[in-house]
Structures are given as structure tokens and as C-alpha cells.
Amino acid sequence: MKKLKMVYKWILLSVIVQCAVLAYINFIYLPGRGTVKATMYEVEKVEVKDRKFKLPEGANDMTVSFDGLYMAYKQGDKLIIADIDRRKEIKTLDPAGGTFTYFRWLPDREMLIYSIMEPNEQKGQVLISTYDVVPELDRSYPAIKSLPGGSEIIDIELSPLTNIVYTVIKTDKSKVKVYKFDIMDNLKYIMSMSSSTVFKETMYTDTLIYQTSEGKIRIRNGKTGKLSQIPVKGATVLLAADDNDFIYTAAADEKGGLTEIFFGKTGQKADEWQTIKPEQPIQASDVYITAEGAIYTADRQEKTIQAIKGGGTAEYKGELLTVLDGYAVSIDGGWLLLKTLEK
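In this text, all values refer to a predicted model and were calculated from it rather than measured experimentally.

(A) Structural detail: the overall build of the chain. Helix and strand counts for the chain come out as 1 helix and 28 strands. In the chain, which comprises 343 residues, the share counted as buried stands at 44%. Of the contacts made within the chain by residues no fewer than 6 positions apart, 36% connect residues no fewer than 24 positions apart. Of the roughly 19700 Å² that the chain leaves accessible, carbon and sulfur atoms contribute 51%.

See the structure below:
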């Protein structure tokens with residue numbers, strides 16, 4: 001009994017000492033170490049308005065940032081980033097003897113991600129880098145080495161919210177290899193597939209969705225590697241994954257026209273996926289799905305776009321390049337044009 005009382009006394013003494021130490025740190029030591037200042041910045045909302053940019057001679061492969069403020073294009077062996085409102089070039093990227101093979105804007109920020117095939121094609125080495133416009137910040141991932149000579153990156157699927165990057169590397173005419181960079185820039189080989197495979201990645205989770213050459217749509221859990229299929233029967237075409245992790249697929253007829261469009265999330269049952277049936281079959285190249293999940297169809301003869309889910313309508317001039325949330329982007333007479341959508 002005496003031993004038990006002694007144990008209780010020591011436990012009580014230990015608790016008292018710990019509380020005293022923590023109270024000292026919290027109320028005396030830390031306040032005396034200085035003050036912490038927090039600054040709140042107000043970011044002005046981007047105005048949605050008609051915009052245009054005069055394209056220099058030799059510009060090609062144009063792409064526009066999600067908010068319509070910046071564009072990137074190739075000119076010779078250089079990659080140029082331009083401010084659309086100021087109508088001027090703001091950054092020139094040089095491949096240092098290599099070749100730019102792929103570039104795209106992130107879906108939710110003004111950052112360009114691009115790939116370079118290193119100068120010695122026999123070396124089999126490729127490089128991924130990013131350029132963040134506002135802080136004017138360059139960053140490069142570790143080089144991907146030991147590839148077959150002439151290998152080049154043809155697709156980069158990324159999730160800014162998880163910092164996971166999947167890169168699709170064409171190693172010969174018929175095959176690609178898929179690699180993954182995790183949040184610590186560690187590189188991991190994932191799979192080899194046919195070069196016709198279509199890949200997409202979700203924003204909030206490490207999930208890779210891909211359409212095989214046989215028309216099967218699979219979902220790969222990036223953490224476990226477990227494979228599953230979407231629950232919708234008849235879907236053979238993978239269209240997109242939006243910023244809210246909705247996956248968009250479609251059924252197609254014998255001529256390749258899309259007859260139904262399905263959208264839902266991983267883990268949802270078949271009856272939880274939603275379906276849209278166009279009035280008539282449409283080609284996949286005439287369907288545009290924005291980051292916010294609006295679905296548009298383009299009539300290239302009438303030069304109009306029409307929303308079949310969310311969004312609005314617009315008439316455009318020249319050749320339609322893409323549809324963003326708020327804009328129809330086209331090229332006409334040497335000008336890049338951003339036409340606002342009417343609700």
C-alpha cells in the first residue's frame with residue numbers, strides 16, 4: 001500500500017512539474033521572444049473581357065493560361081511567354097541546344113510546365129521544368145535518364161493540389177512509358193502502354209485515369225497502385241477530368257461520334273454518374289470541357305460554341321483554339337482572340 005501511494009505521489013509531482021514548465025513557456029518565455037506579424041493581401045479579381053494579341057511572324061502552338069491573361073507559343077527553337085493585356089513578351093525560354101516537345105498551363109494558376117528533349121538524342125534524356133509568371137520563378141525537376149535514344153515527352157498530367165506529376169514519354173513509334181514525380185521530386189516508373197493511350201489526372205487525389213487502345217477506361221490509385229474501372233457501361237472515350245475531380249467519358253458510335261457523355265467521381269456507383277445525350281452524335285474534337293466543368297460543343301461551320309452543361313454561348317472568328325471558363329479562344333488574321341462567353 002505504501003509503495004502504491006509513493007507511485008501516485010511521483011505521478012502527481014510529474015504532472016505538476018510538466019504543467020509548470022508548459023505554463024512558463026506559454027505565458028513568459030514565448031511572449032518575450034518577440035511578436036509575429038501576419039499580412040493579408042487582397043488579390044483583384046480578373047476582369048473577364050474581350051482580349052486580343054498580335055502574333056509575331058513564325059509563332060505556332062499557342063496556348064493560353066486559365067484566366068486568359070497570358071499565353072505561350074513557340075517561335076523557332078524558343079518558347080515565348082507573353083502578357084496578353086500588355087501585348088508584349090515577358091519571358092523567353094531557351095532549350096540550350098535541346099528541343100521543346102511539350103508545354104501547357106496549369107489548370108488553376110499562371111504557371112507553365114514544359115519539357116525538353118536534351119541535345120544528344122542518342123543519350124535518351126528528358127527534362128521537365130516550370131515557369132511561374134507572377135514571382136518570375138523557374139524550377140526544374142530531376143532529369144529522367146537511361147531512356148531509349150530519341151525519347152520525348154508527349155504529355156504531362158499534373159495535380160497542383162497534390163504536387164503529383166505524371167509524365168508520358170514516347171520511347172518509340174508505338175509505345176510510351178509513364179513516370180511519376182511525387183511531392184519530394186522522387187521519380188518512379190509506373191507503366192508502359194500503347195502510344196495511343198489517353199491519360200488524365202484528378203486534382204484532389206493521386207488518381208491517374210487512362211483510356212487504353214482497346215477503349216477500356218481504367219482508374220489507378222496512385223498510393224496503392226490498385227486498378228479499377230469506371231462503373232458506367234458503354235463508355236469507351238476518356239474526355240477530361242475537371243478541377244473538382246469529376247471524370248468525363250463518352251460512348252461513341254461506329255463513326256466515332258459521341259452519343260452520350262458521362263461524368264462522375266471515383267468511388268461513385270453507376271447510378272450516381274450523370275449522363276448527357278447530345279441531340280446528334282458529335283466528334284470528340286468538337287467537345288470542350290473547362291476546368292470548372294462546363295461542357296461546350298463547337299459548330300465550326302457557323303463558328304459558334306454552345307454549352308450543353310453550364311457555361312454560355314459565343315460566336316468566334318477564324319480558327320477555334322480552345323474554350324476556357326469565360327472565353328472562346330481563336331486565331332484570326334494573325335491575331336489571338338479571346339471572346340467572352342454570353343450567359
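Don't stop here, the text continues.
(B) Fine view of the pattern of salt bridges. What the rule picks out here adds up to 13 salt bridges. A salt bridge links Arg51 to Asp85, with the nearest nitrogen and oxygen atoms 2.7 Å apart. Here Arg51, found in strand β1 (residues 51-54), pairs with Asp85, found in the loop between β4 (78-83) and β5 (88-93); they are 34 residues apart in sequence, far enough to count as distant. Given the relative accessible area of 39%, Asp85 is considered partly exposed. Here Asp138 and Lys91 are joined by a salt bridge, their closest N and O atoms 3.5 Å apart. Of this pair, Asp138 sits in strand β9 (residues 137-140) while Lys91 is found in strand β5, placing the two residues 47 residues apart along the sequence. A residue is classified by how much of its surface remains accessible, and Lys91, at 23% relative accessible area, is partly exposed. Each of Asp77, Lys78 and Asp94 takes part in a single network of salt bridges with overlapping partners.

(C) Region of interest: the environment of Arg87. Within the fold, Arg87 resides in the loop between β4 and β5. Residue Arg87 is classed as partly exposed on the basis of its relative accessible area of 48%. Along the chain, Arg87 and Phe53 lie 34 residues apart, while their C-alpha atoms are 5.8 Å from each other. Beyond its immediate stretch of four places on either side in the chain, Arg87 contacts Lys52, Phe53 and Trp335.

(D) Layout of the side chain of Thr290. Along the chain, the position of Thr290 falls in the loop between β22 (287-289) and β23 (295-299). Overall, the relative accessible area of 5% leaves Thr290 in the buried class. Not counting residues up to four positions away in its chain, the partners in contact with Thr290 are Asp242, Tyr296, Val323, Leu324 and Asp325.

(E) Representation of the sheet that holds β1 within the structure. Spatially, β1-β28-β27-β26 is the arrangement adopted by the 4 strands of the open sheet, whose pairing is antiparallel. Both outer strands of the open sheet, β1 and β26 (319-324), are each paired with one neighbouring strand and no more. Put simply, the sheet's adjacent strands are angled 15 degrees from each other on average, direction ignored. By the bridge criterion, 5 bridges tie β26 to strand β27 (residues 327-332) in an arrangement that is antiparallel.

(F) Spatial organisation of the sheet that holds strand β12 (residues 175-181). If you walk across this open sheet you meet the 4 strands as β10-β11-β12-β13, and the pairing is antiparallel. Two strands bound the open sheet, and with one partner strand each, they are β10 (152-159) and β13 (187-194). Strand after strand, the sheet turns through a mean of 20 degrees between neighbouring axes, direction not considered. Relative to strand β11 (residues 164-170), β10 is paired through 7 bridges, and the arrangement is antiparallel. Note on β11: the bridge partner recorded for Leu158 is Val165.

About the criteria used
- Residues numbered from 1 in each chain as written.
- Predicted model: local features only at pLDDT ≥ 70, side-chain atom pairs only at ≥ 80, totals over all residues.
- Heavy atoms only, no water.
- Helix = DSSP H or I, 4+ residues; strand = E, 2+ residues; numbered from the N terminus.
- Buried < 20%, exposed > 50% of the residue type's maximum accessible area, 1.4 Å probe, protein only.
- Contact = heavy atoms within 4.5 Å.
- Areas by Shrake-Rupley, 256 points an atom, 1.4 Å probe, with all protein chains shown as cover.
- Salt bridge = Lys/Arg side-chain N within 4 Å of Asp/Glu carboxyl O.
- Pairing = 2+ DSSP bridges.
- Axes fitted to C-alpha atoms, helices over the stretch in contact; angles between N-to-C directions.

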